[in-house]
Amino acid sequence: MPDTALMKLRRNPGTAIALVLASHPLESLSISVGVAVAAAVSGRSLREVGLVLATVLVGRITAGWLNDVADRERDVAAERSEKPLARDWVHPGTVTFAVACATCVLVPLSISNGTTAGIIHLVAVAVAWLYNTRIKLTALSWVPWAVSFGLYPSFLSYGGWGGGPHGGPATPLMTVLAALLGIGVHFLLALPDLVGDNHNGVKSLPVRVALRIGAPKLLIVTTAYLVLVTAGLVVAGLTVGLYQ
């Protein structure tokens, strides 16, 4: 590729690529694969696992898009060059329009997992969207992550193939552990942005804790916490199980 073309691509990679980058692709894919693996371990069929993966992925992508729209001014102030909206690679209106289009797909996709499961998943996505309001700037920033992740066990336990009733309620232990995992993921994802967030006046729980114990120690605590919670989920899955 000629140098001029490469430089042009770096300046603006195009709307499609910018939308992919703004969707928090690694985060969205990692969470989706994690829920799909849980579905497979719980005994769901291959096609149902694929449906779970697609459903959660679309939901997480919409949350990622809204996150970048909400954070655009703060990302510009923090000079976050990896953020497409901060670099004007894509207009915020284009991203919100993409969210609207994706939601039109998300609703029937969610209900395809079963009526109850679909409603639960849509609530989980709505809560993830809620994080992008002022709540993310406060000490309550962990709440949407805990609620959203805490709903995933019920999404799986009520899930099936096609609309209508399926399954039953998830065990309380799996729900609590999933919620705790969500809090840990929140801290993990906040770690790279602690300095910029603090500079921009974001006083989320991870920022507040980091100011007290320091970012290096918070990284160690967060890693240990996630290992313990993940181990707890594995043990609970093998003993208590997903279904009541």
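One can find the structure itself at the top, above this paragraph.
Residues numbered from 1 in each chain as written. Predicted model: local features only at pLDDT ≥ 70, side-chain atom pairs only at ≥ 80, totals over all residues. Heavy atoms only, no water.

Asks: I'm lost on the side chain of His-186 in this one. Help?
Replies: Secondary-structure assignment places His-186 in helix α10 (residues 172–190). With near-sequence residues (within four places) excluded, His-186 lies in contact with Tyr-131, Ser-141, Trp-142, Trp-145 and Pro-206. (Helix = DSSP H or I, 4+ residues; strand = E, 2+ residues; numbered from the N terminus. Contact = heavy atoms within 4.5 Å.)

Asks: What am I meant to see in the packing of aromatic side chains here?
Replies: Centre distance and the angle of the planes are the two values used to describe a pair of aromatic rings. This structure, assessed with the given rule, holds 3 aromatic pairs. Ring geometry for Tyr-131 against Trp-145: centres 5.7 Å apart, planes inclined by 75°, an arrangement best described as edge-to-face. Pair noted here: Tyr-131 is in the loop between α7 (115–130) and α8 (142–150) and Trp-145 is in helix α8, with a separation of 14 residues, a long-range link. Exposure class is identical for Tyr-131 and Trp-145. Each is buried. Relative to Tyr-152, the ring of Phe-149 lies with its centre 5.5 Å away and its plane at 70°, an arrangement referred to as edge-to-face. The pair formed by Phe-149 and Tyr-152 is uniform in burial state, with each residue classed as buried. Ring pairing ties together the aromatic residues Tyr-131, Trp-145, Phe-149 and Tyr-152, which thus form one cluster. (Phe/Tyr/Trp six-rings, centres within 6.5 Å; stacked < 30°, edge-to-face > 60°. Buried < 20%, exposed > 50% of the residue type's maximum accessible area, 1.4 Å probe, protein only.)

Asks: Honestly, the pattern of salt bridges in this entry has me stumped. Any pointers?
Replies: It is possible for side chains bearing opposite charge to pair when their charged atoms get close. Going through the model one piece at a time under the given rule, you end up with 8 salt bridges. Its salt-bridge partner being Arg-44, residue Glu-48 comes within 2.6 Å of it at the nearest N-O pair. Residue Glu-48 is classed as buried on the basis of its relative accessible area, which comes to 14%. The buried category is assigned to Arg-44, whose relative accessible area is 9%. Its salt-bridge partner being Lys-83, residue Asp-68 comes within 3.0 Å of it at the nearest N-O pair. With Asp-68 in helix α4 (residues 46–70) and Lys-83 in the loop between α5 (72–77) and α6 (92–111), this pair connects stretches of sequence that are 15 residues apart. (Salt bridge = Lys/Arg side-chain N within 4 Å of Asp/Glu carboxyl O.)

Asks: Where do I start with the packing of helix α12 (residues 205–213) against helix α13 (residues 215–239) in this structure?
Replies: In a packed pair of helices, the relevant descriptors are the angle between the two axes and the axis-to-axis distance. Here α12 crosses α13 at 120°, and the two axes come no closer than 7 Å. Between α12 and α13, the interaxial angle falls into the category oblique. For the crossing formed where α12 meets α13, the hand is right-handed. Contact with α12, carried on its side by Pro-206, Val-209, Ala-210 and Ile-213, involves Ala-215, Lys-217 and Leu-218 of α13 and no other residues of that element. Here the contact of α12 with α13 is built from residues that sort into 6 nonpolar, no polar and 1 charged. (Axes fitted to C-alpha atoms, helices over the stretch in contact; angles between N-to-C directions. Parallel < 35°, antiparallel > 145°, perpendicular 65-115°, else oblique. Left-handed = near helix turned anticlockwise from the far one by under 90°. Nonpolar A, V, L, I, M, F, W, Y, C, P; charged D, E, K, R; others polar.)

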